[in-house]
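The primary structure of each chain is shown beneath.
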Amino acid sequence: MSRKLNSPIQRYQSEIVIDHIASQYVLGQLSELCRRRVRSLMRSGDYPQLSKAIKNWEVKLSPLNEKIPELAPLPETWTNIQSRLSMIDDVTDESKDSVIGRWLSIAKDNWFGAVSFASCMVLIAFLLQSPTQNDPLSYVAVLQDEQNSPKLVAATYGDSRRLVLDIIDLPEIDQEESFELWVASKTDNQLRSLGEIPINTSAFERQLSDAEWRLIVDSSYLIVSVEEAGGSAIGEPSDEILSRGLCVRLSAWEESS
Amino acid sequence: MNADESQYLRQLLSRCALKDQQAFAELYQKVAGKLNGVAYLILHNVESANEVLQEGFIQIWNNAGEYRSDAYEPMTWMTAIVRYRAYDRIKYEKRRIEGAAIKSMLQDVDQIENCRPSAIQMCEINQELNHCLSILDEYQHEAILLAYYFGFSREELSGHFERPVNTVKSWLRRGAERLKACLGN
């Protein structure tokens, strides 16, 4: 008979097994897959003894940390952290005519075929309703799920280099999970993180760092994945990709830049 | 770290939980060097260590509300966050740590710190751990330190000691069991 969903696994109730897993987890001896599994078990709340055992090992070995020499971080590390965690700023309205003009410019890129009708409508609504700044929109992407249902609109402003997210419909996730935005490079096709997307908000805006702006300029498409809280630890998205969308450079901004 | 410093970090974490950015900046100034040192020892690459530090601090900011001062010292909690992120990152690094460098680094970290009057309690814990590590077999002792400080996998340890992987697994398992028995629950 198959194991009933949500019933704790017997093996993880054994004190010997739990302590072995905990010690090897803290010593970094488990494979990536096993580490993910351990975190998932801890998040489930069904294995408090495992969480407790890991905590005990962390505390037991913590005196060793005292002996580790300090290493001053690079100056840009703090700037990057600030940039990733910046707060939403108020933005001002802008003439709707010029926004529509930018929207029409998208058509010149023959982009309509790449997105669903629903996404086109979402994008039009975004462009019409988006609170904009004095600088022009430069890049925009409508991220859709596998059913071509729009989930999120991402846009950047060319001069101020601000990223604006209009969140349409993202699913509920556990407290220990987060949404992370990724950008795919046209040059090397690698995915790089643009940081976490705040949960329970319908709009988000933040300043991009120089490095992040270069990623946008070289972008092919964006994706949103579900990660552990705090974002992917390995610099790559998990297998749980929620949505994806082509990143389009707007000609109106191109002309002004 | 003495009791006053720990208390100060607790207060900063409490303020971070309330999204106090000034407290977050102070926390970074206070502990980033140490946490970067932890990441660097494991990754042996300055840029990668800084990336891990960056992601670790974002996690600290986001999860500050989950920090339980009755369960952890603040540094233990923050170090664990950075350590696990560094472990996760190892497989993407092409680390080349030579045998001589390992010996030298192990000697550096294996020195017992002198007790400061302000940190007597921590010193006692240190000395207890040092005592328990000292009663392990030489290989068990060294394998545990290499794994913890440098994130060495069983395969890397096997190469370093020129012993089969299963032997290394056994050292780590038995070493951990003996440590636990010595340190108590």
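Residues numbered from 1 in each chain as written. Chains lettered and ligands numbered in written order. Predicted model: local features only at pLDDT ≥ 70, side-chain atom pairs only at ≥ 80, totals over all residues.

Asker: Explanation requested: the confidence of the model for chain A in the structure shown.
Answerer: When pLDDT drops low, the exact placement of atoms in the prediction is not to be read closely. Residue and element names in this part refer to chain A. Here chain A averages 76 in pLDDT, and 74% of its residues register 70 or above. Of all secondary-structure elements in chain A, the lowest mean pLDDT belongs to helix H5 (residues 96-107), at 40, while helix H3 (residues 48-61) reaches the highest, 93. Every residue in residues 1-5 is under pLDDT 50, and counting partners more than four places away or in other chains gives 0 contacts. Within the model, pLDDT remains below 50 along residues 87-114, and this stretch shows 38 contacts once partners closer than five positions in the same chain are excluded. (pLDDT = per-residue confidence, 0-100. Helix = DSSP H or I, 4+ residues; strand = E, 2+ residues; numbered from the N terminus. Contact = placed C-beta atoms within 7 Å.)

Asker: Looking at this model, I keep getting lost on helix H1 (residues 15-26) of chain A. Mind explaining?
Answerer: In an α-helix, one full turn covers 3.6 residues, which means residues spaced three or four apart are oriented alike. The first and last C-alpha atoms of H1 of chain A sit 16 Å apart over 12 residues, in line with the 16 Å expected at 1.5 Å per residue. Elements that come into contact with the buried residues of H1 of chain A comprise helix H2 (32-44) and H3 of chain A together with helix H9 (165-183) of chain B. Where H1 of chain A terminates, the next one or two residues include Gly28 of chain A, which has phi positive at roughly 70°. (Expected span 1.5 Å × (residues − 1).)

Asker: Which parts of the structure should I look at to understand the nonpolar core?
Answerer: Considering soluble globular proteins, one finds that nonpolar side chains tend to be buried as a cluster. Ala22 of chain A together with Ala39, Ile42, Val82, Ala86 and Ala147 of chain B are the most contacted members of the largest nonpolar core, which has 68 residues in total. Contributions of two or more residues to this core are made by H1 and H3 of chain A together with helix H1 (3-17), helix H2 (21-43), helix H3 (46-63), helix H4 (74-90), helix H7 (138-150) and H9 of chain B. A per-element tally of this core places H2 of chain B first, with 12 residues. If we skip the residues at most four places from it in the chain, Val82 of chain B touches Leu35, Val38, Ala39, Val52, Leu53 and Gly56 of chain B. Of all hydrophobic cores here, the second largest spans 31 residues; its members include Leu165, Leu181, Ile216 and Leu242 of chain A. (Core = buried A, V, L, I, M, F, W, Y, C linked by C-beta atoms within 7 Å. Buried ≥ 20, exposed ≤ 12 C-beta atoms within 10 Å, placed from the backbone.)

Asker: Please clarify how helix H7 (residues 210-217) of chain A should be interpreted in this entry.
Answerer: All names here are of chain A. Among the residues of H7, Glu212, Leu215 and Ile216 are the ones counted as buried. For H7, the buried positions fall inside an angular range of 100° around the axis, keeping them on one side. Exposed and facing more than 90 degrees away from the buried side of H7 are Asp210, Ala211 and Arg214. (Arc of directions from axis to C-beta.)

Asker: Would you mind showing me how to read the packing of H2 of chain B against H4 of chain B here?
Answerer: Helix-helix packing is described using two parameters, namely the angle between the two axes and the distance between the axes. Residue and element names in this part refer to chain B. At a minimum axis distance of 9 Å, the contact between H2 and H4 shows a crossing angle of 30°. Looking at the two axes, H2 sits roughly parallel to H4. Note on packing geometry: the crossing formed by H2 with H4 is right-handed. Here H2 contributes Val31, Leu35, Val38, Ala39, Ile42 and Leu43 to the contact with H4, which in turn contributes Met75, Met78, Thr79, Val82, Arg83, Ala86, Tyr87, Arg89 and Ile90. For the contact of H2 with H4, the per-class residue count stands at 12 nonpolar, 1 polar and 2 charged. (Axes fitted to C-alpha atoms, helices over the stretch in contact; angles between N-to-C directions. Parallel < 35°, antiparallel > 145°, perpendicular 65-115°, else oblique. Left-handed = near helix turned anticlockwise from the far one by under 90°. Nonpolar A, V, L, I, M, F, W, Y, C, P; charged D, E, K, R; others polar.)

Asker: Which parts of the structure should I look at to understand the pairing of strand E1 (residues 137-144) of chain A?
Answerer: A regular strand carries its side chains on alternate faces of the sheet. All names here are of chain A. Extensive coverage of E1 is indicated by the burial of 8 of its 8 residues. Bridging between E1 and strand E2 (residues 150-157) involves 7 bridges; their strand directions are antiparallel. Residue pairing for E2: Tyr139 is matched across the bridge by Thr156. Strand direction decides the pairing type here: E1 and strand E9 (residues 248-249), joined by 2 bridges, are antiparallel. By the bridge assignment, Val140 is partnered in E9 with Val248. (Pairing = 2+ DSSP bridges.)

Asker: Looking at this structure, I do not really get the interface of chain A and chain B. What am I missing?
Answerer: Frequently, the measure chosen for interface size is the accessible area removed from exposure when the parts meet. The interface is formed by 39 residues belonging to chain A together with 49 residues belonging to chain B. Where the side of chain A that touches chain B is concerned, the elements lending two or more residues are H1, H2, H3 and helix H4 (75-84) of chain A. Class assignment of the residues belonging to the side of chain A that touches chain B gives a composition of 17 nonpolar, 12 polar and 10 charged.

Asker: What is the right way to read the confidence of the model for chain B from this model?
Answerer: Residue and element names in this part refer to chain B. Counting all residues, the mean pLDDT for chain B is 84, and 81% of those residues have values of 70 or more. The low-confidence segment residues 112-120, where pLDDT is below 50, has 9 contacts with residues more than four positions distant or belonging to other chains. Here the prediction assigns the complex a pTM of 0.60, and the interface score ipTM is 0.85.

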